[in-house]
Amino acid sequence: MVDSQYVLPNDVGLALLDCSEAFHLLLRGERLYAHYLSRACWYGGLVVLLQTSPEAPAIYVLLSRLFRTQDPDQLGEFAHSAGLTDQEYQAFLVYAAGVFSNMGNYKSFGDTKFVPNLPKDKLRQLIWQSQAFQERPEEMESLWDRCGELMFSLDPHQRQLGLREKGTTTYFSGNCCLEDAQLAQKFLDSQNISAYNTRLFKEKDKAGQTCYEVRLASVLGTDAPVDHELAPKLRCFEFEGCTFRVTRGDYAPLLERVVENLQLTKAHAANTNQEQMLEHYIRSFTQGSIAAHKEGSRCWIRDKGPIVESYIGFIESYRDPYGSRGEFEGFVAVVNKAMSAKFARLVESAEQLLLELPWPRTFEKDTFLTPDFTSLDVLTFAGSGIPAGINIPNYDDIRQTEGFKNVSLGNVLSVAYATQKDKLTFLAEEDKDLYIKWKGPSFEVQVGLHELLGHGSGKLFVQEEKGTCNFDREAVINPETGELIQSWYQGSETWDSKFSTSASSYEECRAECVGLYLCLNKDVLRIFELEGEDAEDVIYINWLNMVRAGLLGLEFYTPETSTWRQAHMQARFVILRVLLEAGEGLVSLQHTTGADGKPDALITLNRNKILPVGKPAIERFLRRLQVLKSTADVGPERFLSLRDTVLLRKEARKMFVQANTHLEGEDVTLVQYEGTAAGLIRSFSERFPEDAELLERHLLELSDADTHFWASQG
């Protein structure tokens with residue numbers, strides 16, 4: 001039996017991400033804009049396969065070939081003759097849906113590998129009997145030989161994403177360790193090269209000297225004409241006794257498709273901000289320029305209140321074991337006007353609410369850059385997973401001086417956080433009905449505060465290379481010590497490069513604490529039309545949800561390597577620890593035995609102690625988090641008996657079935673699918689109707705070119 005944390009259960013939640021109403025309200029030009037942008041996102045999303053594991057591209061191609069040739073129902077008829085039970089075939093469909101949904105064979109939330117929950121020989125037998133195999137036996141056998149073993153393997157270093165012996169990653173060659181990542185970051189900082197769109201490959205030259213290749217993602221290769229920005233960077237450098245060779249052209253054929261569709265999108269842009277944004281994105285993906293992507297992001301911030309919202313590029317660094325390289329993602333969504341009005345009122349109150357946060361005014365940005373904050377219904381979200389809310393761009397220099405946007409993904413929230421009472425673990429019976437009633441509204445409040453005033457607050461103290469500072473070195477007092485601050489960011493140092501492996505968890509912790517702290521403010525709750533007893537219940541459920549999430553977070557901790565695999569869940573576990581350590585009966589956590597006779601746990605929160613005990617505890621913790629972040633003070637990182645209980649009773653994360661858009665004449669139609677594993681598979685089988693086979697070939701060629709970098713890892 002495979003450990004349940006490495007398989008997706010047959011009853012995993014699957015739901016249609018419904019956007020039909022929002023889509024049909026668009027004008028024809030808006031539908032065309034959304035269609036071509038969605039195409040760009042879907043093509044770019046395939047990059048994630050190459051950013052996840054060595055075997056992910058081949059697994060994707062194998063599944064794509066199977067289901068493009070035969071619909072899941074048709075293949076199911078072959079499954080019986082291949083000796084599979086109904087449960088085993090359903091397990092295979094769930095696995096395939098998981099690979100498509102996560103864009104690889106590692107969970108996007110938690111970074112653990114998942115394997116097919118059926119015997120390997122039965123899956124092989126099914127593939128051999130399939131129509132795809134009958135039509136192309138050599139190719140299908142070759143695909144199986146490439147990925148069959150790794151698809152099922154749970155060798156210790158393959159169970160989760162990580163560097164060297166701690167896991168698998170394709171952001172680095174298999175021989176790279178943490179020291180290589182640190183050295184590479186120092187080199188990148190020295191040349192003012194962003195890590196966001198790079199991968200790192202380490203080899204020895206003929207003389208035995210270590211040579212690193214820093215490869216930028218771009219359509220153009222290293223030998224193609226280079227613009228003035230990149231010209232001095234695409235060459236060899238000697239750095240600390242090693243050679244660093246900066247090249248480009250990673251993912252080129254996939255990014256070429258992205259660029260083609262961004263070009264087509266331009267004809268349907270609603271304004272000059274959108275046109276300029278697309279121009280900069282095209283240059284960024286063509287040349288490999290993060291500077292161009294930043295310019296595109298600036299135009300995107302200036303595009304206030306668009307009907308169709310989007311963002312695309314190498315964005316979130318959660319899955320890079322070092323925390324600096326961005327995973328490709330792209331989304332297209334339509335504004336939900338009613339919910340957006342509430343968020344707009346929150347934005348109007350933001351400057352006043354910032355004054356409520358527990359740090360001195362000097363630790364806040366000089367001026368609050370009023371952002372867009374909208375609730376969106378997602379049409380397309382390509383990448384490894386779909387969040388509930390986003391605060392972007394992630395470029396600190398832009399966020400600090402020019403602003404950002406917040407989005408809450410309304411149709412994701414309504415589906416992802418629907419809860420069944422019988423699946424509600426670790427809560428007292430008397431809390432469950434209240435939890436189900438108020439979890440949705442409380443999460444809307446938390447997401448709003450987390451994104452706008454969590455990620456949107458706080459100043460980074462920076463000394464530029466020329467010596468100028470964005471703060472007064474003779475006046476800014478550290479509230480923790482009562483003395484002048486002693487440290488700050490220097491030159492090209494950024495939050496991600498300075499805090500590296502802990503940056504994501506740390507920032508999520510800070511943003512979650514801001515949400516907990518400010519949800520106690522009655523003016524905030526009135527914005528969300530919550531007053532009286534309803535407001536009190538929302539506060540209670542928001543705090544209760546956080547402590548329960550802290551306990552659930554233990555699923556995402558790997559004791560063997562002492563690592564956390566998910567930034568948000570580590571953050572929530574830390575908050576649970578803070579509230580437990582506050583004492584005075586605020587939170588209690590006890591081992592129990594469930595009705596099934598197996599180990600269980602019960603977590604309770606005393607709602608009368610939230611204000612007198614909980615608020616001061618979060619206030620102290622939040623102040624310290626902000627001071628360390630502002631001053632670039634990287635300190636050391638600092639119950640696991642309950643982890644087995646959490647794993648025993650965990651619920652698999654929902655998967656979303658997304659629509660496709662198709663051109664029909666001069667307009668666009670929307671095709672939606674049923675919320676099942678088969679529906680999710682069908683959506684992918686129909687996603688690339690013109691060039692699926694060519695894309696599969698590109699994926700295999702790109703994967704083949706780098707196979708040797710992981711061949712010896714084991």
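All chains use their own residue numbering, which begins from 1 and follows the written sequence. Two thresholds apply to this predicted model, a pLDDT of at least 70 for residue-level local features and 80 or more for giving and counting side-chain atom pairs, whereas whole-chain, interface and lining totals are computed over all residues. Side-chain measures were taken over the full set of non-hydrogen atoms in the model, leaving aside hydrogen atoms and water.

Now for the pattern of salt bridges. Only one rule defines a salt bridge in this text: a Lys or Arg side-chain nitrogen within 4 Å of an Asp or Glu carboxyl oxygen. Using the criterion set out here, one finds 45 salt bridges in the structure. A network of salt bridges, in which partner residues are shared, links R65, R68, R136, E139, E693 and E696.

What follows covers the packing of aromatic side chains. Pairing of aromatic rings covers Phe, Tyr and the six-membered ring of Trp, with a centre-to-centre limit of 6.5 Å; geometry is then stacked below 30 degrees between planes, edge-to-face above 60, and tilted otherwise. Per the stated rule, a full pass over the model turns up 34 aromatic pairs. Consider the rings of Y251 and F314, whose centres lie 6.1 Å apart with planes at 20°: the pair is stacked. Taken as a pair, Y251 in the loop between β5 (242-250) and α11 (252-266) and F314 in strand β6 (residues 308-316) lie far apart in primary sequence, 63 residues in all. Assessed through its relative accessible area of 2%, Y251 is described here as buried. For every residue, the accessible area (1.4 Å probe, protein chains only) is compared with the maximum for its type, and the residue is labelled buried under 20%, exposed over 50%, or partly exposed between those bounds. Given a relative accessible area of 6%, F314 falls into the buried group. Working definition: helices are DSSP H or I runs of at least four residues, strands are E runs of at least two. Numbering for both runs from the N terminus.

Here a cavity denotes grid points, spaced 1 Å and computed from the protein atoms alone, that fit a 1.4 Å probe unable to get out, and a pocket denotes an open set having protein on both sides within 12 Å along at least 5 of 7 lines; residues with an atom within 4 Å of a point are the lining. Grid points are joined across faces, edges and corners, and a volume is the space filled by probe spheres set on the points. In this model, the second largest pocket occupies a volume close to 1200 Å³. Looking at the second largest pocket, it is lined by 45 residues, and the ones nearest its centre are N192, K294, D397, S492 and T494. Looking at the lining of the second largest pocket, the elements that each hand over two or more residues are α10 (178-190), α13 (290-302), α16 (396-401) and α19 (495-499). The classification used treats Ala, Val, Leu, Ile, Met, Phe, Trp, Tyr, Cys and Pro as nonpolar, Asp, Glu, Lys and Arg as charged, and all other residues, Gly among them, as polar. Here the lining of the second largest pocket is built from residues that sort into 14 nonpolar, 16 polar and 15 charged.

Next up on the list: unusual backbone geometry. Each neighbour pair has its own omega, and for I392 with P393 the value is 5°, a cis peptide bond. Looking at where P393 falls in the secondary structure, it is placed in the loop between β9 (389-392) and α16. Positive phi values are uncommon outside glycine, yet F426 reaches one of about 70°. Along the chain, F426 turns up in the loop between α17 (410-416) and α18 (429-454).

Our next topic: the UniProt feature "binding site: Zn(2+)" (unreviewed entry) in the chain. The UniProt record marks H450, H455 and E508 with the feature "binding site: Zn(2+)" (unreviewed entry), using the residue numbering of this structure. Taken together, the annotated residues stretch across 59 residues yet fold into one region, lying no more than 8.4 Å apart by C-alpha. Looking at the element boundaries, H455 is found in the loop between α18 and β11 (462-463). Any pair of residues with heavy atoms lying within 4.5 Å of one another is described as a contacting pair. Contacts of H455, omitting those with residues within four sequence positions, involve N391, R399, H450, E507, E508, R510 and A511. UniProt positions are given in the numbering used here, feature names are shortened, and annotations may be inferred rather than shown by experiment.

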